[in-house]
Amino acid sequence: MDLDTGGLRERKKQETRIALSWAAIRLTVERGLDNVRIEDIAAEAGVSTRTFSNYFGSKGEAIAARQYDRSRAIAAALRERPAGEPLWDAITHAVLTGFALGEPVTDRHTPDQAWLEGVRLMVAEPALQGEMHKAVTAGQAEFALAVAERTGTDAATDVYPQLVAAVIGAAHHVVIQQWLGTEPPPSMESLLRDVFGRLAAGLPEPR
């Protein structure tokens, strides 16, 4: 197989996966999870239901895919940071990069109230919690691998990369909850800089 052809094919597959995931999110935010069918998601993304099934096993899996994809983007950005940069500075920059990849749910601009309420309902949906938990766990594994590579540790056996990955995952959760729970929502960038800046400083007590 020609390398260019193979690379193009993989990009198209990734684009389809992203389109399906965002279609699932948009429709769920607008209508509620129970009012969205797989056929609706496929039609919104411009593909067949069979194509949807090639990528995801359920609506919840399609929605949760964005959580995992963001984690992968952050891990990839961390790998690209300069080798001599302090770890938490590198992580902060990587997180900002990962959250800047065209994320409508975390847009820097203030979202309209209907969209925000829909997102709140979606993330609180009990039927999604299992898939979201799996996405978070897989995301932390990605973080741990990237941290291990940067620090010369073993993600499988050393505590350090696992601990840092767990902290990144927890901070990610706190940022999303703060963004959803504040009226009006602050900018995502300011929240990320605040939370990860505190971590970079060693999480000192508030004055």
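This is a predicted model, so every value here is computed, not measured. (Residues numbered from 1 in each chain as written. Predicted model: local features only at pLDDT ≥ 70, side-chain atom pairs only at ≥ 80, totals over all residues. Heavy atoms only, no water.)

1. Some points on helix α2 (residues 38–45)
- Buried residues of α2: D40, I41 and A42, and no others.
- Of the residues flanking the end of α2, it is G46, one or two places downstream, whose phi is positive at about 75 degrees. (Buried < 20%, exposed > 50% of the residue type's maximum accessible area, 1.4 Å probe, protein only. Helix = DSSP H or I, 4+ residues; strand = E, 2+ residues; numbered from the N terminus.)

2. Notes on the UniProt feature "DNA-binding region" (unreviewed entry) in the chain
- This chain's UniProt record puts "DNA-binding region" (unreviewed entry) on residues 37–56.
- Taken end to end, residues 37–56 is 75% helix and 0% strand, and its two terminal C-alpha atoms sit 13 Å from one another. (UniProt positions renumbered as here; feature names shortened; annotations may be inferred.)

3. A short note on the environment of H173
- Following the sequence through the fold, H173 ends up in helix α8 (residues 159–181).
- A residue is classified by how much of its surface remains accessible, and H173, at 48% relative accessible area, is partly exposed.
- Distance from H173 to L128, taken between C-alpha atoms, is 15 Å for residues 45 residues apart in sequence.

4. Overview of the side chain of E142
- Checked against the element boundaries, E142 lands in helix α7 (residues 129–151).
- Here E142 is buried and forms no salt bridge, its nearest opposite-charge partner R72 lying at an N-O distance of 4.5 Å.
- Discounting residues that sit within four places of it in the chain, E142 has contacts with Y68, R72, A75 and R79. (Lys, Arg positive; Asp, Glu negative; His and termini not counted. Salt bridge = Lys/Arg side-chain N within 4 Å of Asp/Glu carboxyl O. Contact = heavy atoms within 4.5 Å.)

5. Focus: the packing of helix α4 (residues 59–79) against α7
- Taken N-terminus to C-terminus, the directions of α4 and α7 make an angle of 10 degrees; their axes are 8 Å apart at the nearest point. Between α4 and α7, the crossing angle belongs to the class labelled roughly parallel.
- Each residue belonging to the contact of α4 with α7 can be placed in one class, and the counts come to 13 nonpolar, 4 polar and 7 charged. (Axes fitted to C-alpha atoms, helices over the stretch in contact; angles between N-to-C directions. Parallel < 35°, antiparallel > 145°, perpendicular 65-115°, else oblique. Nonpolar A, V, L, I, M, F, W, Y, C, P; charged D, E, K, R; others polar.)

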